[in-house]
Amino acid sequence: MRLRGRWDHLLARHLSRELDALDPELLDLLRLGAHQLLAMRVPAWAAISESVELAREVGAGRAAGLVNAVLRALSRDDGGAERWPDPDRDPVGFLSTWGSHPRWLVERWLARWSFDEVRALVEFDNAVPPLRIVPADGDLTAAAAAFAREGVEVETELIPGTLRVTTSDVPRALSIHPGFVQDAGAALVVRFAAVRSGDRVADLCAAPGGKALSAARVARYVLAADPSEPRLALVRESARRLGLPVHVVRARGEDPPVSELDLVLVDAPCTGTGTLRRHPDARWRLEPEAPARMAEVQARILLGSADVVRPGGHLVYSTCTLEPEENEGVIARVLAKRPDFTVDPPDDPALPMREGALEVLPQREGWDGAWAMRLRRNPMTMDET
């Protein structure tokens, strides 16, 4: 899935019809065959024969003959640079084929960043992400020692406060030292929120629960709310396993079942373009209209959440998208309707900040993308404003 755009471009060079005209199962077989030939270094005879056999099972017309011909031609390809659009003359073509990202998304990114930055971003997305663990007690030193005793190499990351673990065996990793899986961007959002020991906190888009669990290590009270009962089950199980006091309730962020909170976290549903490395299939499901569509949902949730913040309390809005209309655009819309809130970033020089917001860009920081803004509710009522 990560390299689908790359394989589609190469396959199209050896087909007399458009890829979209192929039977979907047949197209997937060709992609699998191309991946075996070019990424897994499977011997050509093995990759082709197995793909042909699978094509016979699919039985889509003369599928077996087509698969055999296309993959044989692909195996003889000399692999030169001429297979790709020239990056100087056609940067969008190069980054959407060799870089394996939708053309519309590449165009959006090139309008904001240089070619070199976007190339670094697509290369980041096409790599396999590491496993990062957050110790439940926050003790990175003790957790690293526990992993070392089990022969598992780790890298301690004080910023963002995670352990980068070499193993991909999640159950084993979590059995070595109590903790939970959380990517660096999400961990930085929790730090940006600046939870205090006496706070009453609600995470209103909580599942799968990483931010609520992190807050529960510090806060006096934590409520985790989400509209999805199956996803809330993950929060309950993690809180039970770690012994952290998280109260779980099914609710929508637009209509929270609480009030007068010190801190409200809204990790809103988004297009997730900052986490395409972790969700490689998502890039192919997104549509150009998705950022604007999601911004409508995000603004609605944030406006509903604002009502339950006490005067003097904080509202933290975060996403894992890189798209401005879902980040700065949503905040601008909410502040226009809620003049009782003002931007109030924490004083933390270790965080990557821009114009008062947390901004984690994968091509710069080397972590999954994240964006967050902290708002403070002024100690005055709406009527007074």
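Residues numbered from 1 in each chain as written. Predicted model: local features only at pLDDT ≥ 70, side-chain atom pairs only at ≥ 80, totals over all residues. Heavy atoms only, no water.

It is worth spelling out the packing of aromatic side chains at this point. Scanning the model with the defined rule gives 3 aromatic pairs in all. Aromatic side chains Phe-94 and Trp-98 sit 5.1 Å apart centroid to centroid with 10 degrees between the ring planes, which places their arrangement in the stacked category. Considered together, Phe-94 and Trp-98 belong to a single accessibility category, that of buried residues. With relative accessibility at 6%, the residue Phe-94 sits in the buried group. Every member of this aromatic cluster is reached through a ring pair, and the members are Phe-94, Trp-98 and Phe-115. Here the guanidinium or amino end of Arg-119 rests over the ring plane of Trp-98, the centre of that ring lying 4.8 Å away. Here Arg-200 stacks its cationic end above the ring of Tyr-221, 5.8 Å away from the centre of that ring. (Phe/Tyr/Trp six-rings, centres within 6.5 Å; stacked < 30°, edge-to-face > 60°. Buried < 20%, exposed > 50% of the residue type's maximum accessible area, 1.4 Å probe, protein only. Lys NZ or Arg CZ within 6 Å of the ring centre and 35° of its normal.)

Looking now at unusual backbone geometry. Backbone geometry follows two general trends: most residues other than glycine have a negative phi, and most peptide bonds adopt the trans configuration. In the segment running from Ile-159 into Pro-160, the intervening peptide bond is cis, with an omega of 20 degrees. Mapping Pro-160 onto the fold places it in the loop between strand E2 (154-157) and strand E3 (162-165). The residue after Ala-207, namely Pro-208, is reached through a cis peptide bond having omega 5 degrees. Residues other than glycine seldom take positive phi values, yet Glu-355 does so here, at roughly 50 degrees. Relative to the helices and strands, Glu-355 resides in the loop between strand E11 (353-354) and strand E12 (357-360). (Helix = DSSP H or I, 4+ residues; strand = E, 2+ residues; numbered from the N terminus.)

By secondary structure assignment, the location of Ala-136 is in the loop between strand E1 (131-135) and helix H8 (140-149). C-alpha of Ala-136 to C-alpha of His-177: the two residues are 41 residues apart in sequence and 8.4 Å apart in space. When near neighbours in sequence (up to four residues on either side) are disregarded, Ala-136 contacts Pro-178, Gly-179, Arg-217 and Leu-242. (Contact = heavy atoms within 4.5 Å.)

For the rest of this paragraph, the subject is the pairing of strand E13 (residues 370-377). Burial analysis of E13 places 7 of its 8 residues in the buried class, which makes it a mostly covered element. As paired elements, strand E9 (residues 309-319) and E13 share 6 bridges and run antiparallel to each other. Paired with Val-316 across the two strands is Arg-374, which belongs to E13. Bridge count for strand E10 (residues 341-343) against E13 is 3 bridges, and the pairing is antiparallel. Its bridge partner being in E13, Val-343 is matched across the sheet by Leu-375. (Pairing = 2+ DSSP bridges.)

All right, on to helix H4 (residues 63-76) then. Between the first and last C-alpha of H4 there are 20 Å, a value that for 14 residues agrees with the 20 Å anticipated at 1.5 Å per step. Listed in full, the buried residues belonging to H4 are Ala-63, Ala-64, Leu-66, Val-67, Val-70, Leu-71, Ala-73 and Leu-74. (Expected span 1.5 Å × (residues − 1).)

So, on to the pattern of salt bridges. The full count for this structure, using the stated rule, is 30 salt bridges. Here Arg-56 ties to Glu-53 by a salt bridge, and the two come within 3.3 Å at their closest N and O atoms. Here Arg-56 pairs with Glu-53, and both are found in helix H3 (residues 44-58), just 3 residues apart, close to one helical turn. Overall, Glu-53 belongs to the partly exposed group, its relative accessible area being 39%. Note that Asp-348 is salt-bridged to Arg-191, the shortest N-O span being 2.6 Å. Taken together, the positions of Asp-348 in the loop between E10 and E11 and Arg-191 in helix H10 (residues 184-193) put the pair 157 residues apart, joining distant regions of the chain. On the accessibility criterion, Arg-191 (34% relative accessible area) is partly exposed. It is possible to trace a salt-bridge network through shared partners that takes in Arg-4, Asp-8, Asp-28 and Arg-31. (Salt bridge = Lys/Arg side-chain N within 4 Å of Asp/Glu carboxyl O.)

Now for the sheet that holds E2. Read from one edge of the open sheet, 4 strands run E2-E3-E1-E4, paired in antiparallel fashion. In the strand order of this sheet, the two ends are held by E2 and strand E4 (179-181), each with one partner. In this sheet, adjacent strand axes meet at a mean angle of 30 degrees when their direction is disregarded. Both E1 and E4 contribute to a ladder of 3 bridges, which runs antiparallel. Residue pairing across strands places Pro-135 opposite Gly-179, the latter belonging to E4. (Axes fitted to C-alpha atoms, helices over the stretch in contact; angles between N-to-C directions.)

Time to look at the nonpolar core. If you look at the biggest cluster of nonpolar residues, it comprises 43 residues, and the most contacted ones within it are Leu-11, Leu-22, Leu-71 and Trp-109. Where this core is concerned, the elements lending two or more residues are helix H1 (4-12), helix H2 (24-38), H3, H4, helix H5 (91-97), helix H6 (103-110) and helix H7 (115-125). By residue number, the principal contributor to this core is H4, which donates 7 residues. With residues near it in sequence (within four places) discarded, Leu-11 still touches Leu-19, Leu-30, Arg-31, Ala-34, Val-70, Leu-71 and Leu-74. In this structure, Leu-188, Ala-215, Ala-239 and Val-246 belong to the second largest nonpolar core, which totals 33 residues. (Core = buried A, V, L, I, M, F, W, Y, C linked by side-chain atoms within 4.5 Å.)

Let's shift gears to the pairing of E9. Within E9, 9 of the 11 residues are buried, leaving the element largely enclosed by the surrounding structure. Alignment of strand E8 (residues 261-267) against E9, held across 6 bridges, turns out to be parallel. Bridge pairing in E9 links Leu-265 to Val-316.

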